Amino acid sequence: MVQQREFDRETFSCSICLDLLTDPVATPCGHSYCMNCIKDHWDEEDQKRIHSCPECRETFIPRPVLKKNAILTVLVEQLKKTGLQAAPADHCYAGPEDVACDFCTGRKLKAIKSCLVCLTSFCEKHLQPHYDSAAFKKHKLVEPSKNLQENICSKHDKLLEVFCRTDQKCICYLCNMNEHKGHETVSAAAERTERQRELEERQGNIQQRIQDQEKDVKLLQQEVEAINRSADKTVEDSEKIFTQLICLLQKRSSEVKQQIRSQQETEVSRVKDVQEKLEQEITELKRKDAELEQFLHTEDHNQFLLNYPSLPALSESTHSSSINIRPLRHFEDVTAAVSELRDKLQDVLRDSWTNISLMVTEVDVLLSEPDPEPKSRAGFLRYSCEITLDPNTANTRLGLSEGNRKVTRMNRDQSYSSHPDRFTDYSQVLSRESLTGRCYWEVEWRGGVSVAVAYKSISRVGSGNECAFGNNDKSWVLYCSQINSNFLHNNIWTSISGPVSSRVGVYLDHRAGILSFYSVSETMTLLHRVQTRFTEPLLAGVWLGESAEFCKL
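Predicted model, so just to flag it, every value in this text is computed and none were measured.

Colleague: Tell me about the overall build of the protein, and name the residues and values.
Modeller: The helix and strand inventory of the protein stands at 9 helices and 23 strands. In summary, the protein has a C-alpha radius of gyration of 55 Å against a globular reference of 24 Å for 553 residues, an excess of more than 25%. Counting only C-alpha atoms and orienting by the principal axes, one finds that the protein spans roughly 190 × 80 × 35 Å. Counting every position in the protein, which comprises 553 residues, the buried fraction comes to 29%. Accessible surface computed for the protein: about 36800 Å², of which carbon and sulfur atoms make up 52%. Between the averaged position of the 70 positive side-chain charges in the protein and that of its 81 negative side-chain charges there is a distance of 7 Å.

Colleague: Could you give an account of the packing of aromatic side chains, naming the residues involved and the relevant values?
Modeller: Applying the stated criterion across every chain, the model contains 13 aromatic pairs. Relative to Trp543, the ring of Tyr479 lies with its centre 6.4 Å away and its plane at 55 degrees, an arrangement referred to as tilted. Of the two residues, Tyr479 sits in strand S16 (residues 475–480) while Trp543 sits in strand S22 (residues 538–544), which places them 64 residues apart along the sequence. Overall, the relative accessible area of 27% leaves Trp543 in the partly exposed class. An aromatic cluster is defined as three or more aromatic residues linked by ring pairs; in this entry it consists of Phe380, Tyr383, Tyr440, Tyr507 and Tyr518.

Colleague: Tell me about helix H2 (residues 35–45), residues and numbers included.
Modeller: Regarding H2, the residues found buried are Met35, Cys37, Ile38, His41, Trp42 and Glu45. Where H2 is buried, its residues meet strand S1 (24–26), strand S2 (32–34), strand S3 (51–52) and strand S4 (59–60).

Colleague: I'd like to hear about the sheet that holds strand S10 (residues 185–187), residue by residue, with values.
Modeller: A sheet is described by the order of its strands in space; here 3 strands give the open sequence S9-S8-S10, paired in antiparallel fashion. Edge positions in the sheet fall to strand S9 (169–171) and S10, since each has one partner strand and no second. Taken over all neighbouring pairs, the strand axes of this sheet differ in orientation by 35 degrees on average, direction set aside. Across 3 bridges, the pairing between strand S8 (residues 162–164) and S10 is antiparallel. From the neighbouring strand, Val162 faces S10, where its bridge partner is Ser187.

Colleague: Now, about the nonpolar core: what can you tell me, with residues and values included?
Modeller: Nonpolar side chains in soluble globular proteins generally cluster together in the buried interior. By size, the foremost hydrophobic cluster in this structure holds 36 residues, and its most contacted members are Val407, Trp441, Trp476, Val504, Leu515, Phe517 and Val542. One finds Ile16, Val25, Cys37 and Cys53 within the second-largest nonpolar core, a separate group that totals 19 residues.

Colleague: Could you give me a rundown of the pattern of salt bridges, with the residues and numbers involved?
Modeller: Applying the stated rule across the entire model yields 25 salt bridges. A salt bridge links Arg63 to Asp43, with the shortest nitrogen-to-oxygen separation between them at 2.9 Å. Note that Arg63 is positioned in the loop between S4 and helix H3 (70–81) and Asp43 in helix H2, a separation of 20 residues in sequence.

Colleague: Please provide a residue-by-residue account of the sheet that holds strand S6 (residues 120–122), values included.
Modeller: Spatially, 3 strands are ordered S6-S5-S7 in an open sheet, and the strand pairing comes out antiparallel. Of all the strands in the sheet, just S6 and strand S7 (141–142) have a single pairing partner and so form its edges. When strand S5 (residues 113–115) meets S7, the two strands line up antiparallel, connected through 2 bridges. In the sheet register, Ser114 faces S7, and the bridge partner there is Val142. Helix H4 (residues 124–132) rests against S5, S6 and S7 of the sheet, and its axis sits at about 110 degrees to S6.

What counts and how
- Residues numbered from 1 in each chain as written.
- Predicted model: local features only at pLDDT ≥ 70, side-chain atom pairs only at ≥ 80, totals over all residues.
- Heavy atoms only, no water.
- Helix = DSSP H or I, 4+ residues; strand = E, 2+ residues; numbered from the N terminus.
- Rg over C-alpha atoms; globule rule 2.2 N^0.38 Å.
- Buried < 20%, exposed > 50% of the residue type's maximum accessible area, 1.4 Å probe, protein only.
- Areas by Shrake-Rupley, 256 points an atom, 1.4 Å probe, with all protein chains shown as cover.
- Lys, Arg positive; Asp, Glu negative; His and termini not counted.
- Charge placed at Lys NZ, Arg CZ, Asp CG, Glu CD.
- Phe/Tyr/Trp six-rings, centres within 6.5 Å; stacked < 30°, edge-to-face > 60°.
- Contact = heavy atoms within 4.5 Å.
- Pairing = 2+ DSSP bridges.
- Axes fitted to C-alpha atoms, helices over the stretch in contact; angles between N-to-C directions.
- Core = buried A, V, L, I, M, F, W, Y, C linked by side-chain atoms within 4.5 Å.
- Salt bridge = Lys/Arg side-chain N within 4 Å of Asp/Glu carboxyl O.

Have a look at this one:
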C-alpha cells in the first residue's frame, strides 16, 4: 500500500513545482504540468521563440495552446480527498548556503549536480533527462556550484575551454584566436590533468609528511613518558638520598648530644665529689676550731700546759689550698667545631648544588638550535654578570683591591693564609662565582694578561701544565699583549690576527657550549669563538703581567 501511494504521488506530481498537479495540462510530447507552471516556464522562453519541454527538452514552434486535462483533474481531486500529501516529506529544500535547482518553481529543492554545458543546476527530479536522453550524454555534470557563470567568457559569452599558459588563465576558443593568438595554449582538460598530477604528487608528499610527523608525534609521546618516568624515579631516588643525609645528620646530632650529656654528667660528678669531700673537711676543721677555741680560754695555766702536748697535730689537707680551675670555655669549643662542620657542609652543598643544577638544566631532549649570539654590545650587556675574585685562589704575589675586582702583581708575597685552592706557582686567580647559563663580562688589562675560564677542578699546586691556564683540558684562555695575541686550550696555540684593545669582553653560553672573546672599544670585534661541550660549571680567571680589573657593567 505504501509503495502504491508513493507511485501515485510521483505519477500525479508536476516536475516543475513538485507538488500535485493543479489544473493539469499536457504538452504535445505527452508530459503533464500545472497550467501556471508550464506557462511561467514558456513565458521565460518567449524571447527565444522556441519553447521546450522541461523534462525531455523537445522543442515546439509555435508555442503550443494548452488545454486543461479533464481526466487528470478528476484523478488528482480524488487523490487529494484520500489524504495524499502535496509534497513528499523526505524532499530536501535548498537553504541559504546551498545551491538551488534552477528548474524548481516556488520553494526550490537542493541541487545535486550542475551541468557545465547547460550552465544550470538540477535537483534529482530535474536532472533525470540528463541520464535518460541521448542529447545530454556529452554534457559534463559536476558537484553543485554557484559559480557556473565563471565558466563563461565575459567578452565572447562562450565556454572557457582553453587554458593560456602564457597568461595563466582560462579563455574561450575566440580568445585563443584573437587576444591570445601566438600564446602557448592547451585545452583546459589537459591543463587540469597536468595540474592534477602535480597536486596528486604534492598530496603524496603531504601524506608522507603526515606519516613521518605522526611517527615523530608517537616518538615524542614515548619521550614524554620516558622523561616523566626518569623524572619521577630521580625525584624518588633524590628524596631517599636526602632522607638518608638528614637521618645521618640527625644521628650525628644525637651522638654529639649524647656525648655532651655523658661528659657533662662525668664532669659534674667529679666536681660534686671534690665539693663533698671539701665540705666534710670544712665540718671537721670547724669542730677542731671550736675545741681549740675552748682550750684557749682555759684559765688554769697548769692545766693548759699539762694538756697541750696531748692536742693532736693538724693533718694535711687532701686538697690544695685553692682549687685550680683551668680557663676553659667548657663545651663552647664543641659549638665551634659543629659550626665549622656546618660551614664546610655549606661549601660542599653549594658547589655540589651548582653541579646538580647544571645536570638538571642539561637535560635537553629536543636538539634545538641555541639562541643566537648577540650582535651588539647592548645585546651582550643583557647577560652581564658581576665577577669578584676569590682571595683563597690568588697566588701570594697577587694583591686584590676594588672589592676584589682588581688584581695587581706585587713585588713581595702577600700575607694570605694557607689554603688548598691557592695557586702556588703561577700568578693566577679565579672568581668566586660559578658560571652557568649565559654570561658576559669585561676585563681591563695592562702589561699583558691571560683572560681565562676554567673548571674548579683545575690543579693548583705545582708548576706543571695541569695548573697553568690554557695548558690543559680544564681551561680556555685568551693571551693578550701589546705585540701579539693567542688563544690557548689543552696546550694548543691558535694565533689571533689584528690588534686587541685594552678591554676584552667574554661571552659564555654554557648550555650551548659557546665561548667567545671580543676586543671592546667603540665597536666589538670578535677575536676567537669556541664551540665545545662544557661538563662542569666554569670560573672566570686571569694570569697577570701587571694588572687586570673585572669591570662593573
